[in-house]
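# A closer look at the structure
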Amino acid sequence: LSICSRTVEPLEYYRRFLKENCRPDGRELGEFRTTTVNIGKCLCSITTADGSALVKLGNTTVICGVKAELAAPAADSANKGYIVPNVELPSLCAERFRSGPPGEEAQAASQFIADVIENSQMIVKEDLCIANGKLAWVLYCDIICLDYDGNLLDASVFALLAALKNVQLPLVTINEETGLSEVNLKQKNPLIIRKHPVATSFAVFDDTLLIVDPTAEEEDLATGTVTIVTDEEGRLCSVHKPGGSPLTGTKLQDCITRAITRHKEVKKLIDKVIKSITPK
């Protein structure tokens, strides 16, 4: 009966669980799925990247590779480098996605990541400048979803942050006589991460009920979603709400409070993994 009702009337099926303050997968409404992160060279698939990470949020699996290249700064921002994020949702990650140019959801996710980088000031673009008006770093951040089961944004921000913390940039100087850049691969320094943004997403059910870390099925049944991005100081970096049910000020505050708690959990997890891979 329960299998039948889930197929025929999925929303009613969910409501029966939500009334009991739980979900079909056994989680409480404010509970995240099991979260894991792998950082760096343990990812044999992208050893060519300057920094990499793989994040799993339940079944949702996202990989991020960061490639650093040298380029001339833009004329109107001579003392700044560039950060170019790109989110890919290939057809292999879920039936809903098709091969070809990036779809609407991938484009929206890429823009969201770009906004998080800008608003949080996790990396200050001036830090990427090597020689004013002459040379700067470009960070290409490719985020690829390998398995899609909802909550792409939280997994993507987590993978991006973890991969950036793994980046080591070689020392680059400009030879004054020749004007050419010289790269010292033996002397590398970690990227300067100024802030650590973490995203926390919620699905809204029946315009009032909030559940954290929605699966793909929960996103489809929800009347709206909202993503809150905070930093380690509890500062609000971004509120992403693409339409759907409006939220009261009280509900939004509830989301922010949960997001601040989630930030501590994610930061602790990243720190633990980085400590484990740092040479003694």
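Residues numbered from 1 in each chain as written. Predicted model: local features only at pLDDT ≥ 70, side-chain atom pairs only at ≥ 80, totals over all residues. Heavy atoms only, no water.

An unreviewed UniProt entry annotates the chain as Exosome complex component RRP43 of Edolisoma coerulescens. In UniProt, the chain has this text filed under Sequence similarities (unreviewed entry): "Belongs to the RNase PH family." (UniProt positions renumbered as here; feature names shortened; annotations may be inferred.)

With that out of the way, let us pick up the overall build of the chain. Of regular secondary structure, the chain possesses six helices and 12 strands. In terms of overall size, the chain behaves like a compact globule, its C-alpha atoms giving a radius of gyration of 21 Å where 280 residues would be expected to give roughly 19 Å. Projecting the C-alpha coordinates of the chain onto the three principal axes gives extents of approximately 80 × 40 × 40 Å. Residues classed as buried in the chain amount to 44% of the 280 residues present. The contacts in the chain between residues at least 6 apart in sequence include a share of 66% that link residues at least 24 apart. Looking at the chain as shown, the accessible area adds up to about 14400 Å², and 53% of this sits on carbon and sulfur atoms. Between the averaged position of the 31 positive side-chain charges in the chain and that of its 37 negative side-chain charges there is a distance of 6 Å. (Helix = DSSP H or I, 4+ residues; strand = E, 2+ residues; numbered from the N terminus. Rg over C-alpha atoms; globule rule 2.2 N^0.38 Å. Buried < 20%, exposed > 50% of the residue type's maximum accessible area, 1.4 Å probe, protein only. Contact = heavy atoms within 4.5 Å. Areas by Shrake-Rupley, 256 points an atom, 1.4 Å probe, with all protein chains shown as cover. Lys, Arg positive; Asp, Glu negative; His and termini not counted. Charge placed at Lys NZ, Arg CZ, Asp CG, Glu CD.)

Attention shifts here to the sheet that holds strand β11 (residues 224–230). Taken together, four strands build an open sheet; the order of strands is β10-β9-β11-β12 and the sheet is antiparallel. The open sheet has two free edges, formed respectively by β10 (209–212) and β12 (236–240), since each of these has just one partner strand. Each neighbouring strand pair of the sheet contributes to a mean axis angle of 25 degrees, computed without reference to strand direction. Across four bridges, strand β9 (residues 198–205) lies against β10 in antiparallel orientation. Bridging from a neighbouring strand, Val204 pairs with Leu210 of β10. Lying on the sheet, helix α3 (residues 104–120) is in contact with β11 and β12; it crosses β12 at an angle near 155 degrees. (Pairing = 2+ DSSP bridges. Axes fitted to C-alpha atoms, helices over the stretch in contact; angles between N-to-C directions.)

Looking now at the packing of aromatic side chains. Throughout the structure, instances matching the rule amount to four aromatic pairs. Here Tyr13 and Tyr14 contribute two aromatic rings whose centre-to-centre distance is 6.4 Å and whose plane-to-plane angle is 75 degrees, an arrangement assigned as edge-to-face. For the pair formed by Tyr13 and Tyr14, the shared burial category is buried. Residues Tyr14 and Phe205 carry aromatic rings whose centres are separated by 5.9 Å and whose planes lie at 20 degrees to one another, so their mutual orientation is stacked. Of this pair, Tyr14 sits in helix α2 (residues 10–18) while Phe205 sits in strand β9; the two residues are 191 residues apart in sequence, bridging distant segments of the chain. As far as the burial class goes, Tyr14 and Phe205 line up, both buried. Linked through ring pairs, Tyr13, Tyr14, Phe17 and Phe205 together constitute an aromatic cluster. (Phe/Tyr/Trp six-rings, centres within 6.5 Å; stacked < 30°, edge-to-face > 60°.)

Once that is clear, we can look at the nonpolar core. Within the largest apolar cluster, 65 residues are counted, with the highest numbers of intra-cluster contacts made by Ile123, Leu139, Tyr148, Leu160, Leu164 and Leu191. Beyond its immediate sequence surroundings of up to four residues, Leu160 is in contact with Cys64, Ile113, Ile117, Met122, Cys141 and Ile143. If you look at the next biggest cluster of nonpolar residues, it comprises nine residues, including Tyr13, Leu18, Ala203 and Leu221. (Core = buried A, V, L, I, M, F, W, Y, C linked by side-chain atoms within 4.5 Å.)

All buried positions along α2 are accounted for by Tyr13, Tyr14 and Leu18. Taken down its axis, α2 places every buried residue within 135 degrees of arc, on the same side. (Arc of directions from axis to C-beta.)

Let us look at the pattern of salt bridges. Applying the stated criterion across every chain, the model contains 16 salt bridges. For Arg33, the salt bridge identified is with Asp213, shortest N-O distance 2.8 Å. Of the two residues, Arg33 is situated in the loop between α2 and β1 (35–39) and Asp213 in the loop between β10 and α5 (216–221); the sequence distance between them amounts to 180 residues. Of the two residues examined, Arg33 and Asp213, each falls in the buried class. The shortest N-O distance in the salt bridge between Glu265 and Arg262 comes to 3.4 Å. On the criterion of helical spacing, the pair formed by Glu265 and Arg262 is a turn pair, its members being three residues apart in helix α6 (residues 249–277). Of the residues examined, Glu265 reaches a relative accessible area of 35% and is grouped as partly exposed. By sharing partners, the salt bridges in this structure join Arg23, Asp25, Arg27, Arg33, Asp149, Asp213 and Glu218 into a single network. (Salt bridge = Lys/Arg side-chain N within 4 Å of Asp/Glu carboxyl O.)

Before going further, it helps to examine the packing of α3 against helix α4 (residues 152–164). Running from N to C, α3 and α4 point in directions that differ by 50 degrees, and their axes come no closer than 11 Å. In terms of their interaxial angle, α3 and α4 are classed as oblique. Judged by the twist between their axes, the crossing of α3 over α4 is right-handed. For the pair formed by α3 and α4, the contact residues are Ala109, Phe112, Ile113 and Ile117 on the first element and Leu152, Leu153, Ser156, Val157 and Leu160 on the second. (Parallel < 35°, antiparallel > 145°, perpendicular 65-115°, else oblique. Left-handed = near helix turned anticlockwise from the far one by under 90°.)

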